[in-house]
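In case you want the letters, here they are:
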Amino acid sequence: MTSFLHFPATSSLPSSLRGPSLAARPNPTSLSQTRVKCRYAEAGVKSEDFNSGAIDVVADVRPERVVVLGGSGFVGSAICKAAVSKGIEVVGVSRSGRPTYSGSWIDQVNWVPGDVFYVNWDEVLLGATAVVSTIGGFGSEEQMQRINGEANVIAVNAAKEYGVPKFVLISVHDYNLPPFLLSSGYFTGKRKAESEVLSKYPNSGVVLRPGFIYGKRKVDGFEIPLDLIGEPVERILRATESFTKPLSSLPASDLLLAPPVSVDDVAFAAINAIREDDFFGIFTIAQIKEAAEKVRV
Ligand SMILES: NC(=O)c1ccc[n+]([C@@H]2O[C@H](COP(=O)([O-])OP(=O)(O)OC[C@H]3O[C@@H](n4cnc5c(N)ncnc54)[C@H](OP(=O)(O)O)[C@@H]3O)[C@@H](O)[C@H]2O)c1
């Protein structure tokens, strides 16, 4: 991936995005060499002679270190958990830092409390091989522009500046809404963030556009089982897809027809995005599910 090696000049950037000198930054492409000892024996060779067939295999391994912005949130925590399960080193960033509930995967994440608008990127991005941003949410028009749009634009530029080769954005499906509804700060913010990802990472940037995401959302110590609604709705919509397809050209029809997707599918699609060099661009709900299948075991 050639973008690994591209470090733009830092002098034109705001000081918040300037890191240490380039020479001081580890190159995320640097490969560590792992020596693996393999032993083999042909049929009939006695066990005491077995070592004589030992060979050394030196494999080039690219260590993965993913930074999950919004790592403590509903989607972010599922991504952190999935990444840990795949042996990926994980840094989770959010204003509140480490989640308050417990779980074995939580201890394996390096939690950094920080606000994307003010965070010390050195602490977060040095050595990162991918950034996944789940930053986004609702509020006033201005807040939605800021959190869905500006926050992610800042994150994309910081990642680019630090030479992080991959950026994955959790965006949203457009629900086939008419343009006047898509002009809300939520959607305009999301689209602004998407364009930043695709323009700064034309050959590796990933935008996932899920609809309603279900799973177990933790709020103030309670668990909201969104899967009790999401799972059956997803099944019904998939089973009736061939009948409902003709309706999909109607404006806003996807508010009813876009299938919900499980939080684990979104997480595994993000893992697939991190791992596959040729996985980039915009991904629909169906493609998210497909990508998740490749990683899920
Ligand atoms: N949930 C859905 O059904 C759904 C559907 C489609 C798309 N999406 C999109 O998916 C993304 C994740 O959604 P979610 O449901 O997981 O949201 P969430 O639970 O509210 O998680 C958002 C995360 O972002 C962090 N965050 C917010 N502002 C921050 C800031 N300035 N700096 C650092 N961290 C910040 C939050 O932690 P702190 O508050 O502690 O900072 C939290 O960890 C969003 O972009 C959302 O629009 C969600």
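Residues numbered from 1 in each chain as written. Predicted model: local features only at pLDDT ≥ 70, side-chain atom pairs only at ≥ 80, totals over all residues.

Description of the sheet that holds strand E7 (residues 167–170)
1) Next: Spatially, E5-E4-E3-E6-E7-E8-E13 is the arrangement adopted by the 7 strands of the open sheet, whose pairing is parallel. What marks the edges here is a single partner per strand, and that holds for strand E5 (109–113) and strand E13 (281–283). Along the sheet, successive strands turn relative to each other by an average axial angle of 20 degrees, direction set aside.
2) Next: Taken together, the 4 bridges between strand E3 (residues 65–69) and strand E6 (residues 130–133) define a ladder with parallel strand orientation. The residue bridging Val66 from the neighbouring strand is Ala130, located in E6.
3) Next: This element, helix H1 (residues 74–85), spans E3, strand E4 (89–94), E5, E6 and E7 of the sheet and lies at about 165 degrees to E4. (Pairing = 2+ DSSP bridges. Helix = DSSP H or I, 4+ residues; strand = E, 2+ residues; numbered from the N terminus. Axes fitted to C-alpha atoms, helices over the stretch in contact; angles between N-to-C directions. Contact = placed C-beta atoms within 7 Å.)

Here's the deal with H1
1) Next: A rise of 1.5 Å per residue sets the reference length of H1, with its 12 residues, at 16 Å; its end C-alpha atoms lie 17 Å apart and thus fit the reference within 8%.
2) Next: Taken across its 12 residues, H1 has 9 buried, putting it largely inside the fold.
3) Next: By the burial criterion, the buried members of H1 are Val75, Gly76, Ser77, Ala78, Ile79, Cys80, Lys81, Ala82 and Ala83.
4) Next: Of the residues flanking the end of H1, it is Gly87, one or two places downstream, whose phi is positive at about 75 degrees. (Expected span 1.5 Å × (residues − 1). Buried ≥ 20, exposed ≤ 12 C-beta atoms within 10 Å, placed from the backbone.)

Looking at the site of the ligand
1) Next: Taken together, 24 residues are adjacent to the ligand, and Gly70, Gly73, Arg95, Ser96 and Gly136 come closest.
2) Next: Only H1, E4 and helix H3 (141–161) provide two or more residues apiece to the shell around the ligand.
3) Next: Per element, the largest residue contribution to the shell around the ligand is 3 residues, and it comes from H1.
4) Next: Broken down by class, the residue content of the shell around the ligand amounts to 13 nonpolar, 9 polar and 2 charged. (Near = placed C-beta within 6 Å. Nonpolar A, V, L, I, M, F, W, Y, C, P; charged D, E, K, R; others polar.)

Brief notes about the packing of H3 against helix H5 (residues 185–200)
1) Next: The interhelical angle for the contact between H3 and H5, taken along N-to-C directions, is 10 degrees, at an axis separation of 7 Å. One way to sum up the angle between H3 and H5 is to call them roughly parallel. Across the interface between the two elements, Glu141, Glu142, Met144, Gln145, Ile147, Asn148, Gly149, Asn152, Val153, Val156, Asn157 and Lys160 from H3 touch Gly185, Tyr186, Thr188, Gly189, Lys190, Lys192, Ala193, Glu196, Val197 and Lys200 from H5.
2) Next: A breakdown of the residues in the contact of H3 with H5 according to their chemical character gives 7 nonpolar, 8 polar and 7 charged. (Parallel < 35°, antiparallel > 145°, perpendicular 65-115°, else oblique.)

Topic: the pairing of strand E10 (residues 216–219)
Every other side chain in a regular strand lies on the same face of the sheet, so the side chains alternate between the two faces.
1) Next: Where E10 and strand E11 (residues 222–225) come together, 4 bridges link them in antiparallel fashion. Looking across to E11, one finds that Lys216 is bridged to Pro225.

Digging into the environment of Gly211
1) Next: One can find Gly211 in the loop between strand E8 (206–208) and strand E9 (213–214).
2) Next: Residues Gly211 and Ser171, 40 residues apart in the sequence, show an inter-C-alpha distance of 9.2 Å.
3) Next: With residues near it in sequence (within four places) discarded, Gly211 still touches His173, Tyr175, Ala258, Pro259, Pro260, Val261 and Ile285.

Regarding the confidence of the model for the protein chain
Any region with low pLDDT has predicted coordinates that should not be read closely.
1) Next: Averaged over all residues, the pLDDT of the protein chain equals 82, while 79% of them reach at least 70.
2) Next: Counting interchain partners and residues more than four positions distant, the pLDDT-below-50 stretch residues 1–52 has 66 contacts. (pLDDT = per-residue confidence, 0-100.)

What to know about the nonpolar core
1) Next: Judged by nonpolar contacts, the single largest core of 66 residues is most densely connected at Val266 and Ala270.
2) Next: With 9 residues, the top contributor of residues to this core is helix H9 (residues 263–275).
3) Next: Once you skip the residues sitting within four places of it in the chain, Val266 turns out to touch Val75, Ala78, Ile170, Leu208, Pro210, Ile213, Val261 and Ile288. (Core = buried A, V, L, I, M, F, W, Y, C linked by C-beta atoms within 7 Å.)

Side note on the pairing of E3
1) Next: Counting buried positions along E3 yields 5 of 5 residues, so the element is predominantly enclosed.
2) Next: Burial along E3 is two-sided: Arg65, Val67 and Leu69 and Val66 and Val68, pointing in opposite directions, are all buried.
3) Next: As paired elements, E3 and E4 share 5 bridges and run parallel to each other. Note that in E4 the partner of Val66 across the bridge is Val90.
4) Next: In the classification by handedness, the crossover that spans E3, the intervening H1 and the parallel E4 is right-handed. (Right-handed = clockwise from strand over helix to strand, strands pointing away.)

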